[in-house]
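Chain by chain, the residues:
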Amino acid sequence: MYYDQLETRCVQGGYRPGNGEPRAVPIIQSTTFKYDTSEDMGKLFDLEAEGYFYSRLQNPTCDLVARKICELEGGSAAMLTSSGQAANFFAVFNIAGCGDHVVASSSIYGGTFNLFSVTMRRMGVDFTFVSPDCSDEELEAAFRDNTKAVFGETIANPALTVLDIERFAAAAHRHGVPLIVDNTFATPVNCRPFRWGADIVTHSTTKYMDGHASALGGCIVDSGNFDWAAHAATFPGLTTPDESYHGVVYTEKFGRGGAFITKCTAQLMRDFGCCQSPQSAYLLNVGLESLHVRMQRHCENAQAIAEHLAGHEKVAWVRYCGLPGDPYHALAQKYLPNGSCGVVSFGVRGGRQAAEAFMGRLKIAAIATHVADARTCCLHPASTTHRQMNDAELAAAGVSPDLVRLSVGLEGVRDLIADIDQALAAV
Ligand SMILES: *Cc1c(COP(=O)(O)O)cnc(C)c1O
């Protein structure tokens, strides 16, 4: 590549227009692609030639944007999906099926926890959840003979725990399986998990990558580092013939760098169809072009607000790994030296009622289920996403009744602090 900096990758990665071609990534809004002969098209169906025939499997706009994210993460291949949920489902199901087992951090996004602990269990995939802070012995004890992968989040949503990626990667590799890391909150601007030994990275691009709360999306990136063929018996789907493609063996035909994503596209996207629309991929790319600028500001604003909250008499506690007293500060200094994300959680003195009253008085920050876009928003999990739980169940889930999750946006930080102060003053 003729460029090296992450900033350049954000702005120009993935797409290199030729003479007279569109400067912006073109939206190829077409379900199908035309061929001169059936034989030409047949080669695509057999994975004998590269090209497009139906946008459920691959679309040029989506591929250009996937290639940009691949460059940002430093991977070998990538694909877009319709959502972050689809990305995590595909990343795991591509290598773990009925009768298999996966080790996952217990501190993960609620939607992913439900996908694993309920829906994928129904499909016959079993999961063992371990605390991201577990001892080496506890982590070791979670593995079984049928374990196919380890899964965690760089910065967990909404727990804000930081994963010790090197430690989890080392454990996975000792057992001959890959580490999958959901890097949604950190984004490749603040952490590139492949550098620390992760093998597969996933994203909900709905969050900071899009950045404007306009398009749902997900992405899977392969590092190209995991040697599937060296663990052929564990990953027969990648290392033995696929009869639905005339006996192609993914590792043999597409190599270490291409096997995982090609199989995931050729089988899972073909059969489940969780594809991103070219329109959404276009919007995602507009977001990616400013990701490096926005992440810096999200982190600066969040740091200033976390510090302000930590010194406020009406605030009981603050969780943000950029604060020196935070339990994850040391890990953050290693994995997130330039900043973590814009999400801060804190407790309002006076518990559940005080938290609800505080949020009701905010004027700039809106109450929304979303996180990680340009507009500051907040959520009271105890009365919304976790409202079916009583206080004891909330405690077990790590959500205290007074917890407010604040997603700090890109507004002026003095305005945001003034808004928080007037709302706190009224409770
Ligand atoms: C939001 C989120 C998801 C799910 O993504 P969707 O795009 O909403 O499907 C997965 N992982 C993390 C860390 C998230 O924040």
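Located above this text is the structure these notes cover.
Because the structure is a prediction, the values reported are computed rather than measured.

Engineer: So, the environment of Gly197: which residues are in play, and what are the values?
Structural biologist: Looking at where Gly197 falls in the secondary structure, it is placed in the loop between helix H8 (187–190) and strand S6 (200–204). C-alpha separation for the pair Gly197 and Ser223, spaced 26 residues apart in sequence, amounts to 9.2 Å.

Engineer: Let's hear about the sheet that holds S6: which residues, and what values?
Structural biologist: Sheets are built from strands paired through backbone hydrogen bonds, the pairs being either parallel or antiparallel. With respect to topology, seven strands assemble into an open sheet ordered S1-S7-S6-S5-S4-S2-S3, the strand pairing being mixed. For this open sheet the edge positions go to strand S1 (77–81) and strand S3 (126–130), each flanked by a neighbour on one side alone. In this sheet, neighbouring strand axes are inclined to one another by 20° on average, regardless of whether the strands run parallel or antiparallel. Here S6 runs beside strand S7 (residues 218–222); their pairing, made up of five bridges, is antiparallel. Note on S7: the bridge partner recorded for Val201 is Val221. The strands touched by helix H4 (residues 84–93) within the sheet are S1, strand S2 (101–105), S3, strand S4 (147–153), strand S5 (179–182), S6 and S7, with S6 carrying the most contacts at an inclination of about 160°.

Engineer: Which residues make up the side chain of His312, and what values do they have?
Structural biologist: Inspection of the secondary structure assignment puts His312 in the loop between helix H12 (291–310) and strand S8 (315–319). Classification of His312 as buried rests on a relative accessible area of 17%. In this structure, His312 is in contact with Asp421 and Leu424, ignoring residues within four places of it in sequence.

Engineer: Give a detailed account of the pattern of salt bridges, specifying residues and quantitative values.
Structural biologist: Within the structure shown, the criterion is met by 15 salt bridges. A single salt-bridge network, built from bridges that share partners, covers Arg121, Asp126 and Arg144.

Parameters at a glance
- Residues numbered from 1 in each chain as written.
- Predicted model: local features only at pLDDT ≥ 70, side-chain atom pairs only at ≥ 80, totals over all residues.
- Heavy atoms only, no water.
- Helix = DSSP H or I, 4+ residues; strand = E, 2+ residues; numbered from the N terminus.
- Pairing = 2+ DSSP bridges.
- Axes fitted to C-alpha atoms, helices over the stretch in contact; angles between N-to-C directions.
- Contact = heavy atoms within 4.5 Å.
- Buried < 20%, exposed > 50% of the residue type's maximum accessible area, 1.4 Å probe, protein only.
- Salt bridge = Lys/Arg side-chain N within 4 Å of Asp/Glu carboxyl O.

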